[in-house]
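Fold and contact review
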Amino acid sequence: MSPVVLQTLGLGVCTALLVAGGASALMSASVTKRLLGVLIAIVAALLALAALGAAQAATIAGVAVAFAYCVIGVALLVRLQESYGGSDTAEIDAADAQSEPAEPSA
Amino acid sequence: MNDFYAELARLHAPLLLLGAPLIGAAIAAAIPQARMSWLGALLACAIALALAVDLAARGLLSGAPIASAHEALALSPDGVGMFAAPILTGALALALLAGGGLLDEIGPRKAPWAWALSLAVCAGWIGALFAGDLIGVFIAAEIAWLASVGLAALSRGSERGALSGALRMLTAGGFSAALMLLGIGLIGRAVGSVVLDEIGALPIAAPHLATLGVALVTTALAVKAGVAPLHFWSAAAYGRSGRFALFVAVVGLVGALMTLTRIVSIATAAPDLGEGVSSLLAILGAASVLIGSVQAVGAVNLHRLAAYAAASHAGSILLSLALGSPAGLAAALVQTFALAVALLALFGGASVAREPALSALDGLARRAPLASMAITAGALSFMGAPLTVGFLGRWRLIEASIGAGWWWAAGAALVSSLAAVFYGGRLIERVFFRRATTAVDVDRNPWRLAITPVLVIAIIAIGLGFEPSVLLRAATDAAALQLGRAP
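For the structure given in this document, a descriptive report is provided here. Going along each chain's sequence as written, the residues are numbered from 1 onward. Both sets of labels track the order of writing: A upward for chains, 1 upward for ligands. The predicted nature of this model means local features are confined to residues of pLDDT at least 70 and side-chain atom pairs, given and counted, to a pLDDT of 80 or more, with totals for whole chains, interfaces and linings taken over all residues. With hydrogens and water excluded, all non-hydrogen atoms of the structure serve as input to the side-chain values.

By the convention used here, residues are in contact when the closest approach between their heavy atoms is within 4.5 Å. Across the boundary between the two partners, chain B contributes 40 residues, which contact 44 residues of chain A. Here's the idea: put two parts together, see how much 1.4 Å probe accessible area each one loses, and the total over both is what we call buried area. When chain B packs against chain A, close to 3,500 Å² is buried across both sides, 73% of that on carbon and sulfur atoms. Salt bridges are defined by distance alone: a side-chain nitrogen of Lys or Arg within 4 Å of a carboxyl oxygen of Asp or Glu. Applying the counting rule to chain B against chain A returns two salt bridges. Think of a polar contact as two N or O atoms within 3.5 Å of one another; within protein, one of them needs to be a possible hydrogen donor and the other a possible acceptor, and neighboring residues in sequence only count if both atoms come from side chains. Run the count over chain B and chain A and you get six residue pairs in polar contact (both at pLDDT 80 or more). Secondary structure counts use DSSP, requiring at least four H or I residues in a row for a helix and at least two E residues in a row for a strand, with both numbered from the N terminus. Where the side of chain B that touches chain A is concerned, the elements lending two or more residues are α7 (134-154), α8 (161-191), α13 (274-298) and α14 (302-322) of chain B. Sort the elements by how many residues they give to the side of chain B that touches chain A and α8(B) lands first, with 20 residues. In the scheme used here, Gly and all other residues not listed as nonpolar or charged are polar, with Ala, Val, Leu, Ile, Met, Phe, Trp, Tyr, Cys and Pro taken as nonpolar and Asp, Glu, Lys and Arg as charged. Among the residues forming the side of chain B that touches chain A, the class breakdown is 24 nonpolar, nine polar and seven charged.

So this is what it looks like as structure tokens:
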């Protein structure tokens, strides 16, 4: 296979991984899975940067940001577990909805 | 001697604008006593505000070329950056002032962290506006976003609702960070550089790849700006955050919108990229106007109503940017200013009501006339009522749209205004024409008067519709400087 085809394939895989990670981050039923989805999406983006031959600075910046999201995400996860007694997003939303009137969705 | 130091400060203004809030954040976090920490944060913000206003006055209003020393951080203030910096630092100053009266809600133990995180939010977005390349924009924007997440999480003391709002912000921000990274990689591959000045100047080897890259970066910033339909985090975050976090959210919103404006204005100036980016902005803008307006009409929580109204207004800003002209860019800048002051007025008035439910506004005019005036001014600005700064922004958009033959964009602006008449009118009706139906918890804390400057300044800023010459001139000059040609 030519390098261009390989690169395109690699980029395609990274994009699919990014989309999957994003979907998990936004729609998963568990806070832990959402955080993992965020990390997967960012790692997929970093792999795509490598496939595109991006500057090292971009990769280092991405790694630093991924680490920051990981740390803050874990801290949030622990606080949510302590406050709600669980990490199921549906239960968290239901508990919050009890204190707020229902909002219309678009 | 003073002139020497003043000139030195001016030479390094971009670096000092970035450094003052960051150093202030460190100092605020290190002082354990909440009030002393607050004073330190205010001082740092005041220094940043003075620098920002001086930079804008020199670079925009007097038209003098800004000579800056070579900074290792590659900071390059452009038209949008110089216009936005005073708005960001001014909004933060008002937020910090109001924070002095909201200490009970935050909690004295967490307050130093709240002040520090708010300064970090401002510093992050200033960094994104002054960064010379996309990697700098990325790092700065993520610093600002993560600081906002932290602030949202601790803004309501022991109440847990803020945590779930912060979680939504975190997941949305993480997804947008991934999009932005991919976009930067694609732009770098297509153009051969990620330096912003070179993106519009270098020949583009793969225009479609570059357009896709810009689209991804724009989408990522649109997520952070709460543009519909990408605003899945904003209603929950606004609705469940504390009052101080809401004030700082205005800084975040303006920062994200202005950074988006900056990136888009550079991209639309490049001949190979302009059309694709313009189409994306037009679609996103129209969708945001419609979705945000519909949701705002049905909202029953004032904070969420503000989030939806902001999404609608952000849609108008994107439509202005889609025009790709200096007139459109100037309209976008004026509208961003109008959005900032309208939100400050709404949140300021709502903070006096102490509960986010719309029913808490019933009869507010009798017990808090200044807060009622602020809410009214904010609502009128969202409607685009004449003699408000909101009208100026809408009118500029309509003017620029008709000039470009985009009649549908002018129609979208009118739809946004009409919807605002509904939800803004509801607010005014509750405040002035209803009686309070629940027992009112009167705040006797003398520090509650710290919110007064926010209300007064927001009302005055909205009233800039009476004398808009300075604002309009600054916006026009910023647009001309950004695009390299006059409107």
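Still more to cover.
By convention here, two paired aromatic rings are described through the distance between centres and the angle between planes. All names here are of chain B. Working definition: rings of Phe, Tyr and Trp (its six-membered ring) pair if their centres are within 6.5 Å, and the pair is stacked with planes under 30 degrees apart, edge-to-face with planes over 60 apart, and tilted otherwise. What the rule picks out here adds up to seven aromatic pairs over all chains. Ring centres of F4 and Y5 lie 5.4 Å apart, and the angle between their planes is 65°; on these two criteria the pair is classed as edge-to-face. Owing to a relative accessible area of 46%, Y5 belongs among the partly exposed residues under this scheme. Ring plane angle 25° and centroid distance 5.3 Å describe the contact between W406 and W408, whose orientation is recorded as stacked. The class of W408 is partly exposed, set by a relative accessible area of 42%. Each residue in the set W145, W233, Y238 and F347 is aromatic and connected to the rest through ring pairs, giving one cluster. Placement of a positive charge over a ring is assigned whenever Lys NZ or Arg CZ falls within 6 Å of the ring centre and within 35 degrees of the normal to the ring plane. Above the face of the W38 ring, R35 is positioned so that its terminal group lies 5.9 Å from the ring centre. Taking the ring centre of W145 as reference, the NZ or CZ of K224 above it sits at 5.5 Å. Relative accessibility decides the category of a residue: with a 1.4 Å probe and only protein chains considered, values under 20% of the type maximum give buried, values over 50% give exposed, and everything between is partly exposed.

The next point concerns the pattern of salt bridges. If charged atoms from side chains of opposite charge come close, those side chains can pair. All names here are of chain B. Tallied over the full model, the rule gives 12 salt bridges over all chains. One salt bridge connects E105 with R243, and the closest N-O pair in it is separated by 3.2 Å. Here R243 lies in helix α12 (residues 243-269) and E105 lies in helix α5 (residues 103-106), a separation of 138 residues in the sequence. With a relative accessible area of 13%, R243 lands in the buried category. Residues participating in the shared-partner salt-bridge network are E7, R10, D54 and R58.

A few words now on the environment of I139(B). With respect to the secondary-structure elements, I139(B) resides in helix α7. Residues I139(B) and W125(B), 14 residues apart in the sequence, show an inter-C-alpha distance of 9.9 Å.

This brings us to the nonpolar core. Residue and element names in this part refer to chain B. Definition of nonpolar core: a set of buried residues of the types Ala, Val, Leu, Ile, Met, Phe, Trp, Tyr and Cys, connected through side-chain atoms within 4.5 Å. Membership of the largest hydrophobic core comes to 215 residues, with the highest contact counts inside it found for F83, W115 and F244. Not counting residues up to four positions away in its chain, the partners in contact with F83 are L60, M258, L333, L471, A474, A475 and A478. Membership of the second largest hydrophobic core comes to nine residues, among which are L323, L397, I398 and A413.

Residues and elements named next belong to chain B. Each neighbour pair has its own omega, and for A228 with P229 the value is 0°, a cis peptide bond. Mapped onto the secondary structure, P229 falls in the loop between α10 (207-224) and α11 (234-240). A positive phi angle, close to 75°, is found at L387, a residue other than glycine. In this structure, L387 sits in the loop between α17 (369-383) and α18 (389-404). The exposure class assigned to L387 is partly exposed, which follows from its relative accessible area of 45%.

These values are about where atoms sit, not about what they do.
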